[in-house]
Protein chains: 2
Amino acid sequence: MSVAYLNGRYLPLAQARISPLDRGFLFADGIYEVAAVIDGKLVDSASHLARLERSTAAIGIALPLSLAQIEAAQQELVVRNGFPQGLVYLQITRGADATRDFIAPADLQPTLFMFMQDKPLLDTPAVRTGIAVATMADLRWARRDIKSVGLLAQAMAKQAAKDAGATEAWMVEDGFVTEGASSTAFIVTDEGIVTRPYSQSVLAGCTGAALTTLAQESGLAVIRRPFTVAEALTAQEAFITSASTLCLSVVRIDGQQIGDGAPGPVAMRLRQLYIDFARATAV
Amino acid sequence: MSVAYLNGRYLPLAQARISPLDRGFLFADGIYEVAAVIDGKLVDSASHLARLERSTAAIGIALPLSLAQIEAAQQELVVRNGFPQGLVYLQITRGADATRDFIAPADLQPTLFMFMQDKPLLDTPAVRTGIAVATMADLRWARRDIKSVGLLAQAMAKQAAKDAGATEAWMVEDGFVTEGASSTAFIVTDEGIVTRPYSQSVLAGCTGAALTTLAQESGLAVIRRPFTVAEALTAQEAFITSASTLCLSVVRIDGQQIGDGAPGPVAMRLRQLYIDFARATAV
């Protein structure tokens, strides 16, 4: 049984309890982050913590700890769990309030919850096979730059993708791919690596941001523009990035093969560059 | 301290606890309903339960009890609390799952949580003064017909309305009012009572549905079409409906007076018709 962190205490995950009056439960009034752990260390931690700070600020939740304290608690959680690879899930909500009013009282004490999942990240079957993606309408709210726990649309999209025989959903709005249900979407064309610009329409992916920097440093062009499903279907390669998948080739979209149907060289190279970066900078 | 219901048990609300692994907390993967209580009885209960069934079916959560059993539990909750007026809040989530996977395991046991709020519904200052509304962009997801607990956009809209000196937010999309952050929006024109048609863009309001039927029975025309903010500003009256407000006149929109700035006769008459209906049919 893994160890969780809840409001300053470490305890067995199965024993962690919160009030159902928590606004995270009643209103999805909370923010989350997922950080990869490799070699028992947090990957790209500063980037995740900066995004946590941006998201909580965007909805007016005051962090109950400093970012340095949060990182230290995450590190302690990793040590207590002892998993060399996995994911640290972190959620901050506005706290519990018996009035259940849409307007939150100003004096609520935020809830901070973390737990760690034991999960292989580096060597998984999907790295060798690539994954299939299914496209569908993007039903999400307008502030996707805020990493809120309001994830029902994403959960529905993932379930629909699974029902269609795919691993990830690529969400489409006004004819263009926004992003994956839990990942950033990329294609490889003659131009270089194409991915959607930052805006309120997409989450600023931490893994994607680091990976595009690595791509540019290695001489690959990164073009930030929207792309269509039709473009993706005829791309040389397609891939996704996220903290939990790092970088995975997309070899089928809506049942159609991309490239030669196997993980492509650009995605594989970027995955390795990212893993090298992750290991070198993990804390 | 009020009494809550959690998964078959009645207990003091302050003692109710759930796992933070509940998908209601992690993914907003849950549905809620709020029913008014007047004279110690549930108002328009069948309508709320039918909507609960529709919403849970839409996201594939199996009800842990029959609708009749849920209603009986709500009634028992009202008896145990002893509040003659108030609100019964009910939430069903897909349940707790330690994997935190977007794809929920099929065998999860749903969480059913209810509590009652002691709240005057019939005689409130807002009935006499009317309320102010602030308009703002509708940021919500595309499936507003599903009464999900993903309410962060609504909470943000309510807070922005409060900051603008208003009680309710009217959300606007493509130039038309969709609905209030937690209410249905109506205007009164020469045509009659105008409110937006049912679609995935709005929640099918239980109180609004009953009230429009009562309006038609009393000889008032009900026109289901979208209306703009400009139309609302020049309407004879404007009002909202919801389980917690029943029917309240809107006397200011974005600081501009509607009609003569006092609650109008149509809204006041409809409020009384609704209260009569509520008392006559409460269970």
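My aim in this report is to walk through the structure given alongside it, one point at a time. Bear in mind the structure is a predicted one, so any value in this text is a computation, not a measurement. (Residues numbered from 1 in each chain as written. Chains lettered and ligands numbered in written order. Predicted model: local features only at pLDDT ≥ 70, side-chain atom pairs only at ≥ 80, totals over all residues. Heavy atoms only, no water.)

## Description of the packing of aromatic side chains
Thought 1: Across all of its chains, the model carries 18 aromatic pairs over all chains by this definition.
Thought 2: Look at Y32(B) and Y89(B): their rings are 5.8 Å apart centre to centre, the planes differ by 25°, and that puts the pair in the stacked class. Taken together, the residues Y32(B) in strand β3 (residues 30-38) and Y89(B) in strand β5 (residues 86-93) connect sequence positions 57 residues apart. Across the pair, Y89(B) and Y32(B) agree in class, each one buried.
Thought 3: Feature note: the residues F25(A), Y32(B), Y89(B), F113(B) and F115(B) constitute an aromatic cluster, connected by ring pairs.
Thought 4: Residue placement shows R80(A) over the ring face of Y10(A); its charged tip is 4.2 Å from the ring centre.
Thought 5: The ring of F102(B) carries K158(A) above its face, with NZ or CZ at 5.4 Å from the centroid. (Phe/Tyr/Trp six-rings, centres within 6.5 Å; stacked < 30°, edge-to-face > 60°. Helix = DSSP H or I, 4+ residues; strand = E, 2+ residues; numbered from the N terminus. Buried < 20%, exposed > 50% of the residue type's maximum accessible area, 1.4 Å probe, protein only. Lys NZ or Arg CZ within 6 Å of the ring centre and 35° of its normal.)

## Considerations on the sheet that holds strand β4 (residues 41-42) of chain A
Residues and elements named next belong to chain A.
Thought 1: Taken in spatial order, the six strands make up an open sheet running β2-β1-β6-β5-β3-β4, and their pairing is antiparallel. At either margin of the open sheet sits one strand with a lone partner, and together these are β2 (9-12) and β4.
Thought 2: In the packing of helix α2 (residues 45-58) onto the sheet, contacts are made with β3 (30-38), β4 and β5 (86-93), and the angle to β3 comes to roughly 175°. (Pairing = 2+ DSSP bridges. Contact = heavy atoms within 4.5 Å. Axes fitted to C-alpha atoms, helices over the stretch in contact; angles between N-to-C directions.)

## A few points about the pairing of β3(B)
Residue and element names in this part refer to chain B.
Thought 1: Within β3, nine of the nine residues are buried, leaving the element largely enclosed by the surrounding structure.
Thought 2: Neither face of β3 is exposed, since G30, Y32, V34, A36 and I38 on one face and I31, E33, A35 and V37 on the opposite face are all buried.
Thought 3: Pairing geometry for β3 and β5, over eight bridges, is antiparallel. The partner of I31 across the bridge, within β5, is I92.
Thought 4: Two strands pair when backbone bridges link them, and β3 and strand β4 (residues 41-42) are joined in this way by two bridges, in the antiparallel orientation. Bridge assignment links V37 to a residue of β4, and that residue is L42.
Thought 5: Taking the residues between adjacent antiparallel strands as the criterion, β3 and β4 are bridged by two residues, where D39 takes a positive phi near 55°.

## As for the environment of G175(B)
All names here are of chain B.
Thought 1: By secondary structure assignment, the location of G175 is in the loop between β8 (168-173) and β9 (176-180).
Thought 2: Note on G175: relative accessible area 42%, which makes it partly exposed.
Thought 3: In sequence terms G175 and A137 are 38 residues apart; their C-alpha atoms lie 9.2 Å from each other.
Thought 4: Once residues lying within four places of it in the same chain are set aside, the contact partners of G175 are T228 and V229.

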